[in-house]
Amino acid sequence: DAMVIQNPRYQVTQFGKPVTLSCSQTLNHNVMYWYQQKSSQAPKLLFHYYDKDFNNEADTPDNFQSRRPNTSFCFLDIRSPGLGDAAMYLCATSRVGQLLTDTQYFGPGTRLTVL
Amino acid sequence: QKEVEQNSGPLSVPEGAIASLNCTYSDRGSQSFFWYRQYSGKSPELIMFIYSNGDKEDGRFTAQLNKASQYVSLLIRDSQPSDSATYLCAVIKGNTPLVFGKGTRLSVIA
């Protein structure tokens, strides 16, 4: 089945130790998104790739970086995780260009714990 | 004014009743409207989307859109305990990413 896959599902890291979260998709969608979601809050968009074009949200900390080496994969790098970065990280994809829908499909998420 | 507003709840309804979830948005240029369901600790899953004024039905779910009032709602008929979750309203304009509301927590009581 076509889907959005995130690895790992659970990640524990130490304060300041770099961590990389991965996302892959078999939907052949041209846009991939990374969201951060904390408890009882809405998903917060960090950045997205429209094909190879990187779009960073203005309030995304420099501590967060992303890479998209090809259509199928996208990575979220947290260079020096702080305690405030503990959250669920959600990857989503969409095919922009579908008239008026642009439905986003989410992966299962990676729950990050920072010790 | 927040772009997408939802009552955080919890909204409690008895099993078998109709649950009504509401959402307002501030950008009149918004084009497409989505409802996602999110169970605790899980990722959002799409329930349905709507982009034309009026009602759109899918099984027990009905989305209602009123662009003049900048209002979109989700009705869940014959509510079941398994419908207990947070419901996220999301809005899109053009090719920009989704803007999410904070979600309404629904509790269906058996």
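Since we're looking at a predicted model, the values are computed, not measured. (Residues numbered from 1 in each chain as written. Chains lettered and ligands numbered in written order. Predicted model: local features only at pLDDT ≥ 70, side-chain atom pairs only at ≥ 80, totals over all residues. Heavy atoms only, no water.)

Undergrad: Describe the overall build of chain A, naming the residues involved and giving the relevant values.
TA: Across its full length, chain A carries zero helices and 11 strands. What you see in chain A, going N to C, is helices and strands ordered as β-β-β-β-β-β-β-β-β-β-β. In terms of overall size, chain A behaves like a compact globule, its C-alpha atoms giving a radius of gyration of 14 Å where 115 residues would be expected to give roughly 13 Å. When the backbone C-alpha atoms are referred to their principal axes, chain A occupies close to 45 × 30 × 30 Å. Looking at chain A as a whole, 50% of its 115 residues qualify as buried. Across chain A, every contact between residues at least 6 apart in sequence was considered, and the portion connecting residues at least 24 apart equals 56%. In the structure as shown, chain A presents an accessible area of about 5700 Å², 50% of it carried by carbon and sulfur atoms. Counting 10 positive and 9 negative side-chain charges, chain A places the averaged centre of each group 7 Å from the other. (Helix = DSSP H or I, 4+ residues; strand = E, 2+ residues; numbered from the N terminus. Rg over C-alpha atoms; globule rule 2.2 N^0.38 Å. Buried < 20%, exposed > 50% of the residue type's maximum accessible area, 1.4 Å probe, protein only. Contact = heavy atoms within 4.5 Å. Areas by Shrake-Rupley, 256 points an atom, 1.4 Å probe, with all protein chains shown as cover. Lys, Arg positive; Asp, Glu negative; His and termini not counted. Charge placed at Lys NZ, Arg CZ, Asp CG, Glu CD.)

Undergrad: Can you lay out the interface of chain B and chain A for me, pointing to particular residues and giving the numbers?
TA: Accessible area lost upon the coming together of the parts is a frequently used measure of interface size. Each side of the interface is counted separately: chain B has 20 residues, and chain A has 21 residues. Between chain B and chain A, roughly 1700 Å² of surface is buried when both sides are summed, and carbon and sulfur atoms account for 62% of that area. Remark: the boundary between chain B and chain A carries three residue pairs in polar contact (both at pLDDT 80 or more). Mapped onto the side of chain B that touches chain A, the elements with two or more residues apiece are strand S4 (32-38), strand S5 (45-50) and strand S9 (85-92) of chain B. Of all the elements, S4 of chain B adds the most residues to the side of chain B that touches chain A, at four residues. Here the side of chain B that touches chain A is built from residues that sort into 11 nonpolar, eight polar and one charged. (Buried area = accessible area lost by both parts, 1.4 Å probe. Polar contact = N/O pair within 3.5 Å; in protein donor to acceptor, adjacent residues only side chain to side chain. Nonpolar A, V, L, I, M, F, W, Y, C, P; charged D, E, K, R; others polar.)

Undergrad: Kindly report on the pattern of salt bridges, identifying the contributing residues and their values.
TA: A complete count under the given rule lists six salt bridges over all chains for this structure. Arg 67 of chain A is the salt-bridge partner of Asp 77 of chain A, the closest N and O atoms lying 2.8 Å from each other. With a gap of 10 residues between them, Asp 77 of chain A in strand S8 (residues 73-78) and Arg 67 of chain A in strand S7 (residues 64-67) connect regions that are remote in the sequence. Using a relative accessible area of 40% as the deciding quantity, one classes Arg 67 of chain A as partly exposed. Note that Asp 27 of chain B is salt-bridged to Lys 93 of chain B, the shortest N-O span being 3.4 Å. Of the two residues, Asp 27 of chain B is situated in the loop between strand S3 (19-25) and S4 and Lys 93 of chain B in the loop between S9 and strand S10 (99-100); the sequence distance between them amounts to 66 residues. A relative accessible area of 29% places Asp 27 of chain B in the partly exposed class. (Salt bridge = Lys/Arg side-chain N within 4 Å of Asp/Glu carboxyl O.)

Undergrad: Can you explain the layout of surface pockets? Please cite residues and give values.
TA: A volume near 670 Å³ is recorded for the largest pocket. When its residues are assigned to classes, the lining of the largest pocket shows seven nonpolar, 12 polar and eight charged. Within this model, the second largest pocket holds a volume of roughly 260 Å³. Around the second largest pocket, the lining residues are Tyr 35, Gln 41, Ala 42, Pro 43, Lys 44, Leu 45, Glu 57 and Asp 59 of chain A together with Leu 98, Val 99 and Phe 100 of chain B. Secondary structure elements with two or more residues in the lining of the second largest pocket: strand S5 (44-50) of chain A together with S10 of chain B. (1 Å grid on protein atoms, 1.4 Å probe; cavity = no way out; pocket = protein on both sides within 12 Å on 5 of 7 lines; lining within 4 Å. Points joined across faces, edges and corners; volume = space filled by probe spheres on them.)

Undergrad: Provide a residue-level description of unusual backbone geometry, including the pertinent values.
TA: Leaving glycine out, the prevailing phi sign among residues is negative, and the prevailing peptide bond configuration is trans. Residues and elements named next belong to chain A. In this structure, the amide linkage connecting Asn 7 to the following residue, Pro 8, adopts the cis form with an omega of -15°. The topology assignment puts Pro 8 in the loop between strand S1 (4-7) and strand S2 (10-13). Its identity is not glycine, yet Asp 51 carries a phi of approximately 55°, on the positive side. Secondary-structure assignment places Asp 51 in the loop between S5 and strand S6 (53-56).

Undergrad: Report on the nonpolar core, specifying residues and quantitative values.
TA: Among the nonpolar cores identified, the biggest contains 23 residues, and Trp 35, Val 72, Leu 74, Ile 76 and Tyr 87 of chain B are the most heavily contacted of them. For Ile 76 of chain B, the residues in contact, after removing those within four places along its chain, are Ala 17, Ile 18, Ala 19, Leu 21, Arg 60, Phe 61, Asp 83, Tyr 87 and Leu 106 of chain B. Listed in part, the 18 residues of the second largest apolar core include Cys 23, Met 32, Phe 47 and Tyr 89 of chain A. (Core = buried A, V, L, I, M, F, W, Y, C linked by side-chain atoms within 4.5 Å.)

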